[in-house]
Amino acid sequence: MAARRDGDSGGGDSGSDSVGGGAGRALPPHSPSGAVLQTVEMHTGGEPLRIIPRLEAAERAAAAGLSLLSLRREVAARHDHVRRALMHEPRGHAGMYGAVVVRGGAAADGAHLAALFLHCAGYSAMCGHAVMALGRFALDYGLVPAPTRPETAVRLRCPCGPVTAFVPWDGHRSGNPVCFHSVPAFAAATDLAIDVPGHGKVVVDIGYGGTFYAFLSAEQLGLDVCSSKTRDLVSAASAVTEAVKKQFKLHHPESEDLAFLYGTILTDGKDAFSEEPTTNICVFADEQVDRSPTGSGVTARIALQYHKGLIQLDQSRTFQSSTTGSLFTGKAEAKFGNYNAVIVEVSGEAFYTGTATFTVEEEDPLKHGFLLK
């Protein structure tokens, strides 16, 4: 690629800050018709979150009266290039995760903000690590009109329903740890026999924590969640996910839009209550690996343990990611409704890693991203 000469304009101006020794020009240049995408970068327990503070197309659709589940379908159908541009290479990577913030309209429905969750294969209904990060973001970026000390409740609307994050606030900035109260979580199936090609018969539990996961010990697959190679764990978990999808029909009591298996979580098998951490790895979507213990996964696992009588209300457990060693805590706060559902509290730490301005040049053949598998 030819270097730009000092006299070249290099395209449209993207801001006032200049980089390098040019004559006060802003970099990077972008096509006059190309998109400029600004993000706030965070992580929770090592799992990234690329926050898009505003997507005008989504807010217009929300203002027109679309519910959040309908808005998710609308964005997927008409604006999926935004997800691909920010989640995929060269701007993202195979483990990238994101959230579009939606303010106002039917999507938010009385909450401080709504969120659409993005990953490399598509869209999720719930994301606990994102909720914890978004709780801090909402306070620091002024989305909560009157935050209170020492803790502020941040109301979020997710595609699965309303959740509330509780965020430390010192009057100037947010802090940690952040916790959230889930949508009602429940056991969808327990001790379900599944035939997994290459592994034979295994026994899985299926829990819902805003989205559905299959759970089993890695030992059933001849693996150790703490010491086996990540590649082997990913392949085995993905095989379980595909087998469950073919052999078990999921239902959600409120919306069939939520009745899909998001992934498989392999555990160390330590489901009975203990003061010691229990370790797991979550493989979701298209073989994407969660670097954190997985907020919605912890929610579903707590619901399963409560359903089986392995824990009681208000017994707090610690969950550890086998990939980064990061920790979340979880406990069943209260029973909910006429079926054996619980409201789960999950707690962890979310941190800022920076901000970014991404540009899209229309002539770039890879402008909407790519993935290597």
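Residues numbered from 1 in each chain as written. Predicted model: local features only at pLDDT ≥ 70, side-chain atom pairs only at ≥ 80, totals over all residues. Heavy atoms only, no water.

For clarity, the threshold we go by: UniProt positions are given in the numbering used here, feature names are shortened, and annotations may be inferred rather than shown by experiment.
The chain has the name trans-L-3-hydroxyproline dehydratase in an unreviewed UniProt entry, where Rhodinocichla rosea is given as its organism. Its UniProt record gives the chain a comment under Subunit (unreviewed entry), which states: "Homodimer."

**Observations concerning unusual backbone geometry**
Stated formally: Helix and strand labels come from DSSP, where a helix needs a run of H or I of at least four residues and a strand needs a run of E of at least two; each type is numbered from the N terminus.
Between Glu89 and Pro90 the backbone carries a cis peptide bond, its omega angle lying at 5°. Among the structural elements, Pro90 can be located in the loop between helix H3 (80-87) and strand E3 (97-102). Here the amide bond leading from Asn176 into Pro177 is cis, since omega sits at -5°, within 30 degrees of zero. Located in the positive-phi region is Asp109, a residue other than glycine, with phi close to 50°.

**Structural notes on the packing of aromatic side chains**
Describing an aromatic ring pair means giving the distance of the ring centres and the angle of the ring planes. The test is simple: In summary, the pairing rule links any two rings of Phe, Tyr or Trp, Trp by its six-membered ring, whose centres are within 6.5 Å, and it sorts them by plane angle into stacked for under 30 degrees, edge-to-face for over 60 and tilted for everything else. Each residue is placed in one exposure class: buried if its accessible area under a 1.4 Å probe, protein chains only, is under 20% of its type's maximum, exposed if it is over 50%, and partly exposed if it falls in between. Two limits define a charge over a ring: the Lys NZ or Arg CZ must be within 6 Å of the ring centre, and within 35 degrees of the ring normal.
Taken as a whole, this structure holds nine aromatic pairs when the rule is applied. Centroid distance Phe186 to Phe212: 6.0 Å. Interplanar angle 80°. Geometry classified as edge-to-face. Taken together, the residues Phe186 in strand E9 (residues 186-196) and Phe212 in strand E11 (residues 212-217) connect sequence positions 26 residues apart. Residue Phe186 is classed as buried on the basis of its relative accessible area, which comes to 7%. Classification of Phe212 by relative accessible area gives buried; the value is 0%. Joined through ring pairs, the aromatic side chains of Tyr97, Tyr213, Phe215, Phe260, Tyr262 and Phe284 make up one cluster. Sitting above the plane of the Phe319 ring, Arg317 keeps its charged end 6.0 Å from the centroid.

**Observations regarding the confidence of the model for the chain**
Going by this rule: One confidence number per residue, pLDDT, is output by the predictor and ranges from 0 to 100. Contacts were defined at the residue level, with two residues in contact if any of their heavy atoms lie within 4.5 Å.
Here the chain averages 91 in pLDDT, while 92% of its residues score no lower than 70. Predicted confidence for residues 1-22 stays below pLDDT 50, and this span has 30 contacts to residues more than four positions away or in other chains.

**Observations concerning helix H6 (residues 230-247)**
Which entries qualify depends on this criterion: Given the number of residues in a helix, its expected span is that number minus one, multiplied by 1.5 Å.
In a regular helix each residue adds 1.5 Å, so 18 residues correspond to 26 Å; H6 covers 26 Å between its end C-alpha atoms and thus fits that length. Looking only at H6, the buried set comprises Leu233, Val234, Ala236, Ala237, Ser238, Val240, Thr241, Ala243 and Val244. Its buried side turned inward, H6 meets E9, strand E10 (200-208), E11, strand E12 (261-267), strand E13 (278-284) and strand E14 (288-289).

**Regarding the pattern of salt bridges**
Selection criterion: In what follows, salt bridge is the name for a side-chain nitrogen of Lys or Arg lying within 4 Å of a carboxyl oxygen of Asp or Glu.
On inspection of all chains with the given rule, the structure shows 14 salt bridges. Across the salt bridge formed by Glu59 and Arg54, the nearest N and O atoms sit 2.9 Å from each other. For Arg54, a relative accessible area of 53% corresponds to the exposed category. Arg78 is paired through a salt bridge with Glu74; the nearest N and O atoms lie 3.2 Å apart. Remark: Glu74 and Arg78 occur in helix H2 (residues 68-78); sequence separation between them is four residues, near one turn of the helix. For Arg78, a relative accessible area of 58% translates into the label exposed. By sharing partners, the salt bridges in this structure join Asp80, Arg83 and Arg84 into a single network.

**Details of the packing of helix H1 (residues 56-63) against H2**
Operational definition: Only the stretch in contact is used when a helix axis is fitted, and all axes are lines through C-alpha atoms; the angle between N-to-C directions ranges over 0 to 180 degrees. Any angle from 65 to 115 degrees is called roughly perpendicular, while one under 35 is roughly parallel, one over 145 is roughly antiparallel, and all others are oblique. It is the rotation of the near helix from the far one that decides the hand of a crossing: anticlockwise by less than a right angle makes it left-handed, clockwise makes it right-handed. Amino acids outside the nonpolar list (Ala, Val, Leu, Ile, Met, Phe, Trp, Tyr, Cys, Pro) and the charged list (Asp, Glu, Lys, Arg) are all regarded as polar, and Gly is one of them.
In contact at an axis separation of 10 Å, H1 and H2 are set at 140° when each is read in the N-to-C sense. Compared by their axis directions, H1 and H2 come out oblique. Crossing hand, H1 versus H2: right-handed. Across the interface between the two elements, Ala58, Ala61 and Ala62 from H1 touch Leu71, Glu74 and Val75 from H2. Within the contact of H1 with H2, the residues separate by chemical class into five nonpolar, no polar and one charged.

**Points about the domain arrangement of the chain**
This is how the line gets drawn: Residue ranges assigned to each domain were obtained from an automatic or database domain assignment. The quantity reported as buried area is the accessible area (1.4 Å probe) lost by two parts once they are put together, taken as the sum for both. Here a polar contact means two N or O atoms within 3.5 Å. Within protein one must be a hydrogen donor candidate and the other an acceptor candidate, and residues neighboring in sequence count only if both atoms are side-chain atoms.
Per the domain assignment, the segments making up the chain are domain 1 (35-182 + 353-358) and domain 2 (183-348). Counting residues at the interface gives 32 residues for domain 1, matched by 34 residues for domain 2. Across the interface of domain 1 and domain 2, roughly 2,200 Å² is buried in total on both sides, 55% from carbon and sulfur atoms. At the surface where domain 1 touches domain 2, the tally comes to one salt bridge. The salt bridge partner of Arg73 is Asp257, with a shortest N-O separation of 2.4 Å. At the surface where domain 1 touches domain 2, the tally comes to 11 residue pairs in polar contact (both at pLDDT 80 or more). By residue number, the principal contributor to the side of domain 1 that touches domain 2 is strand E8 (residues 178-181), which donates four residues.

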